[in-house]
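The primary structure of each chain is shown beneath.
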Amino acid sequence: MTSYRPLHQGWTVSGGTVSGLAAAVPGCIHTDLLAAGLIEDPYRDSNETELAWIGRTDWEYTTSFDYDPSDGRVDLVCAGLDTVADIALNGSEVGHTENQHRSYRFDVGSLLRTGANTLKVTFGSAYSYALAQQQRLGARPDAYGEPFNFIRKQACNFGWDWGPTLVTAGIWQPIGLERWSVARLGSVRPLVTVDGATGRVEVSARLERDATGPVTVTAEIAGRQARATVDGTDAVLTLAVHDPDLWWPRGHGDQPRYDLTVTLTGPDDEVLDTWSRKVGFRTVELDTSDDGYTLVVNGLPIFVRGVNWIPDDVFADRITRDRLAQRFRQTADANVNYLRVWGGGRYESEDFYDLADEMGFLVGQDFLFACAAYPEEEPFASEIEAEARENVVRLSSHPSLVVWTGNNENLWGYEDWGWKPELGDRTWGSGYYYDLLPRIVAELDPTRPYWPGSPYSGTPDRHPNDPAYGTTHVWDVWNTDDYTKYASYRPRFVSEFGFQAPPAYATLEEWISDRPLAPDSPGMAHHQKATGGDEKLARGLANHLPGPADFDDWHYFTQLNQARAVAFGIEHFRSLRPLCMGTIMWQINDCWPVTSWAAIDGDGRKKPLWYAMRQAYRERLLTLQPRTGGPMAAGGPLMPGEPGAVVPPDGRPALVAVNDGREPWHLTATVTRRALTGDVLAEAVLTEIVPPGDAVTLPLPDEVTTPGDPTTELIVADAAEHRTLWFFTEDRNVPWPAADFTAQVGRTDDGYRVTVTARSILRSLTLFPDRLDPAAETDRADVTLLPGEEVTFVVRSERDLNPERLTTRPVLRSVGDRT
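The structure contained in this document is the topic of the report that follows.

Conventions used here
Position numbers for residues start from 1 in each chain and track the written sequence from start to end. Whole-chain, interface and lining totals are the exception, using all residues; otherwise, since this is a predicted model, local features are given only for residues with pLDDT of at least 70 and side-chain atom pairs are given and counted only at 80 or more. Hydrogens are left out, water is left out, and the side-chain values use all remaining heavy atoms of the structure. Going along the chain from the N terminus, every DSSP run of H or I of four or more residues is numbered as a helix, and every run of E of two or more is numbered as a strand. For a helix, the expected span equals 1.5 Å multiplied by the number of residues minus one. Only protein chains enter the calculation, and the probe is 1.4 Å; a residue is then buried if its accessible area is under 20% of its type maximum, exposed if over 50%, and partly exposed in between. The criterion used for residue contact is that any of the two residues' heavy atoms lie within 4.5 Å. Strands were regarded as paired on the criterion that DSSP finds at least two bridges between them. Note on geometry: axes are lines fitted to C-alpha atoms, helical ones only across the stretch in contact, with angles between N-to-C directions running from 0 to 180 degrees. What counts as a salt bridge is simple: a side-chain nitrogen of Lys or Arg found within 4 Å of a carboxyl oxygen of Asp or Glu. Each nonpolar core is a collection of buried residues, namely Ala, Val, Leu, Ile, Met, Phe, Trp, Tyr and Cys, held together in the definition by side-chain atoms within 4.5 Å.

**Some remarks on helix H6 (residues 380-395)**
Part 1 of the reasoning: Taking 1.5 Å of rise per residue, the 16 residues of H6 would be expected to cover 22 Å, and the 22 Å separating its terminal C-alpha atoms lies within 8% of that figure.
Part 2 of the reasoning: For H6, every residue scored as buried is listed here: Phe380, Ala381, Glu383, Ile384, Glu387, Ala388, Asn391, Val392, Val393 and Leu395.

**Considerations on unusual backbone geometry**
Part 1 of the reasoning: For the bond from valine 25 to proline 26, the omega torsion is -5°, close enough to zero to count as cis.
Part 2 of the reasoning: When you line up the elements, proline 26 lands in the loop between strand E3 (18-22) and helix H1 (29-35).

**A word on the environment of threonine 766**
Part 1 of the reasoning: In this fold, threonine 766 is placed in strand E38 (residues 762-767).
Part 2 of the reasoning: Distance from threonine 766 to glutamine 625, taken between C-alpha atoms, is 24 Å for residues 141 residues apart in sequence.
Part 3 of the reasoning: If sequence neighbours within four positions are ignored, threonine 766 has contacts with Tyr556, Ala781, Asp782, Val811, Leu812 and Arg813.

**Concerning the sheet that holds strand E5 (residues 73-78)**
Part 1 of the reasoning: If you trace the four strands from one edge of the open sheet to the other, you get E1-E10-E5-E8, paired in antiparallel fashion. If you trace the sheet from one side to the other, it starts and ends with strand E1 (3-6) and strand E8 (104-107), each paired once. Strand-to-strand twist in this sheet, taken as the mean axis angle between neighbours without regard to direction, amounts to 25°.
Part 2 of the reasoning: Two strands pair when backbone bridges link them, and E5 and strand E10 (residues 175-180) are joined in this way by six bridges, in the antiparallel orientation. The residue bridging aspartate 75 from the neighbouring strand is glutamate 178, located in E10.

**Let's talk about the pattern of salt bridges**
Part 1 of the reasoning: Tallied over the entire structure, the rule returns 60 salt bridges.
Part 2 of the reasoning: Across the salt bridge formed by lysine 529 and glutamate 48, the nearest N and O atoms sit 2.9 Å from each other. Placement of lysine 529 in the loop between helix H12 (522-526) and helix H13 (533-544) and of glutamate 48 in helix H2 (residues 47-50) is noted, with a sequence separation of 481 residues between them.
Part 3 of the reasoning: For glutamate 48, a relative accessible area of 5% corresponds to the buried category.
Part 4 of the reasoning: A salt bridge links aspartate 435 to arginine 439, with the shortest nitrogen-to-oxygen separation between them at 2.8 Å. Taken together, the positions of aspartate 435 and arginine 439, both in helix H9 (residues 430-444) and four residues apart, correspond to about one turn of that helix.
Part 5 of the reasoning: Note on aspartate 435: relative accessible area 39%, which makes it partly exposed.
Part 6 of the reasoning: A relative accessible area of 46% means that arginine 439 is categorised as partly exposed.

**Some details on the nonpolar core**
Part 1 of the reasoning: Phe367 and Met613 are the most contacted members of the largest nonpolar core, which has 146 residues in total.
Part 2 of the reasoning: In terms of residue count, helix H14 (residues 551-575) provides more of this core than any other element does, eleven residues in total.
Part 3 of the reasoning: In contact with phenylalanine 367, other than residues within four places in its own chain, are Gly343, Tyr347, Ala388, Val392, Trp404, Thr405, Gly406, Asn407, Leu437, Val441 and Tyr450.
Part 4 of the reasoning: Residues Leu7, Trp11, Leu81 and Leu119 belong to the second largest nonpolar core, which totals 35 residues.

Fair warning: the whole summary comes from geometry, so function is off the table for now.
Structure below.
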């Protein structure tokens, strides 16, 4: 039987002027230095810039342990080393590594001593290695002027337009000694399929052997068993399960999983090794038959209500299962059904995928290439093949994983970002995306589709970011254009789009020392990593909202504008179903406190965007949409011109009802044109049965869609618990009455209930209780009340909060409270 002994105790680290510092394993050098008080927190103010030396320093990790010899082979198993490492045991070389994304195993039986042993892992500077490879192979273009494309390491460690430059080193995954004899299960790869009423599990086991002779591999699931006797190193077993309970994505059914166990036994039935996982029975296909991109699970087309996922912290040792579970609950509560693991981060952890399986998330995993040209020469060709093979096998058991994607934006970069003249005839990664990676997926995981890149238009001869085909990224909105331009797009699937805003106020107060806070104060500026980010925020505000009078206004308005921008895009793209079959918002989370596109900030606090996304991603959506060329069916014919080209809307709203559920929606909607006073000026009642998995557009009569005074009127559509609004002009043009309301505050067991009753229209009423208690959270945001209407905010807080402060600015805000 195999036995494992972790080697996580007694480590010290030395490097530069640091000697013999206690080190955590798993961990990294930054958290070791921080725990010892040798550096300031890199997330605070501009401390990051003072710590660049860490990533340019070599670090030596050392531990000692006692060993008692016994029979069998002993391996040193390194689940993850970051990144360029030389390993020595008792002064003898064990091995060398150059890839954070792989595990390593070394036979160390001949090097172990009875009694005390010393293990050293020396990490060379990631910068030194990457720059040497860059000089050897020739420079390649990248988005941020850092050499992340010349080392197999988490790319965003080198900084991104939302992340700090904190280049880590260390033993970031478990390390230990494994003893085994005769044979062990080197890898187990289950391929789970469903054919009619029969579920099948094909188990491919690859053995590592220390002795010859027959061994037996046994696989068991749901009371079924298959067995094979093996003289070599490979076994394939197939099990059939009649009428299994299917695993469904969240919102479409349950997520039953079955225990799959593989056991390796010797000639005398001694158990040599075991492997176990939970698997789910489901089918997945990628339907591109009409040049689109539709995920089909268990035969059902799924509209992807997705988010992009980045590493949840710069320092991986902080990302615990509990932290992931909290983030996943927040994501699920926002009605998300899909997580795209972005290619500048990591192949996500077993905890990540197990939680996704349990909660019913669909997951798309990028291979780890992002925003750069990557060399295809050695050692990278071999390293990338090894990491891809390992991770495809490692993740094959997870039903949540539904698609592999070759890279993030590299096909687009090659086509549009000026790479071709700079590259000349140098390699840039195409061999990976079009040849190596699809071959590996086809060989090792043929149950899942592979897609060469995000974005990608389906064939190499098309522009990779043509919205008429495949997947597209929409970044002219934010970079150059207003968010209303989303309405001009008719894409097939949007795998990135988004808009920025600062984090929660309590997060800013925690990490930025500037007093008073200002949009351009030094700490705020350092926590804005996007080129021209503040100017783009200002442009977005100027297009829609009154000019901010102070920082409180700026913070509220930028967060509100982000929420509106992303919700506008989601609702428009969903209204096009089935022409468009997915949106993946950039991004759900942050890795540190920063002004960014995230819905949940680096301290785990929800921005107003989170609440807007929860509404826009409801299973049933009611939305007022400007129709191109007049009212037309969602997913109808494209406008004249190139397929997918942007076409300006005519500004006449129609009501669109979107039903992502599996039951018909019997809709009755009352649509009124009203004055800001709430008076009804025109009314229409519409009824419709919206089929499952469809969107229906309902034209509105002219008397509802034609305002007498566009600055003082709006459209309100109500259907049971659904409400959607349409303003005829931007908030900055509306003569908002002074905010007039009453507020009542009542104590509850876990916080407060704040009930606001409007006497005047209250536009985008939002409560920010974190300004009074950093741990406080409310249940809703961005609520517009007409005169006479009321809303109750449920606030969770363990503190005694001042009722007056809880119901006045800057804690309780609406657009009209400024005038």
